[in-house]
Amino acid sequence: MAGGLGTILSIPLLFPSFKIQFLSFLLIAFDKIIATFHIPCSRVPEDIYVTLAFLGAWPGLVIGCIICNHKTSRRTKRNFQNRIFLSILGAAMLKGYLLLH
């Protein structure tokens, strides 16, 4: 088995640059502010979060959700959490397949 931990950590879809993770964190914070203060502008669609998670920005999303307590508190948010998890899992499986072939 070639690679090891160094190879896994260098996989962009699993651990992207700090910039995209920070951007995803800011999007979560921005959406939380809009939701909390009922600001009359468009919310960030959940599909954007799922796409960012698939592209590897999941650490920023998870940290943002926890710190801002956004999309974590109600039972109705389970669908969102499951979609993010499946997106992360799908990206990891795709990268694993690409590494082996």
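For the structure itself, look to the data block above.
The structure displayed is predicted, hence computed values, not measured ones.

Let's talk about the side chain of Ser24
Thinking step 1. Relative to the helices and strands, Ser24 is located in helix α2 (residues 18-37).
Thinking step 2. Here Leu61 takes part through its backbone nitrogen, which lies 3.5 Å from a polar atom of the side chain of Ser24.
Thinking step 3. Contact partners of Ser24, with chain neighbours within four places excluded, come to Leu52, Ala57, Gly60 and Leu61.

Quick look at the pattern of salt bridges
Thinking step 1. Summed over all chains, the structure comprises 4 salt bridges.
Thinking step 2. Between Glu46 and Arg83 there is a salt bridge; the shortest N-O distance is 3.6 Å. Here Arg83 lies in helix α4 (residues 78-100) and Glu46 lies in helix α3 (residues 46-68), a separation of 37 residues in the sequence.
Thinking step 3. With a relative accessible area of 28%, Arg83 lands in the partly exposed category.
Thinking step 4. Through salt bridges with shared partners, one network takes in Glu46, Asp47, Lys71 and Arg83.

Looking at α4
Thinking step 1. Here α4 contains 23 residues, and its C-alpha end-to-end distance of 33 Å stays within 8% of the 33 Å for a straight helix at 1.5 Å per residue.
Thinking step 2. Listing the buried residues of α4 in full gives Phe80, Ile84, Ser87, Ile88, Ala91 and Lys95.
Thinking step 3. Of the surrounding elements, those touching the buried residues of α4 are α3.

Reading guide: rules and limits
- Along each chain, residues carry numbers from 1 onward, in the same order as the chain's sequence is written.
- Given that the model is predicted, a residue must reach a pLDDT of at least 70 before its local features are reported, and side-chain atom pairs must reach 80 or more before they are shown or counted; all residues, however, enter totals for whole chains, interfaces and linings.
- Calculation of side-chain values draws on the structure's entire complement of heavy atoms; hydrogens and water are dropped beforehand.
- Only DSSP runs of H or I with at least four residues qualify as helices, and only runs of E with at least two residues qualify as strands; both kinds are numbered from the N terminus onward.
- In the analysis that follows, any N or O atom pair within 3.5 Å is treated as a polar contact, provided that within protein one partner can donate a hydrogen and the other can accept it, and provided that, for residues neighboring in sequence, both atoms belong to side chains.
- The contact definition used throughout considers only heavy atoms, calling two residues in contact when any of these lie within 4.5 Å.
- Whenever a carboxyl oxygen of Asp or Glu lies within 4 Å of a side-chain nitrogen of Lys or Arg, that contact is scored as a salt bridge.
- Three exposure classes are used, based on accessible area relative to the maximum for each residue type with a 1.4 Å probe and protein chains only: buried under 20%, partly exposed in between, and exposed over 50%.
- Take the number of residues in a helix, subtract one, and multiply by 1.5 Å to get its expected span.

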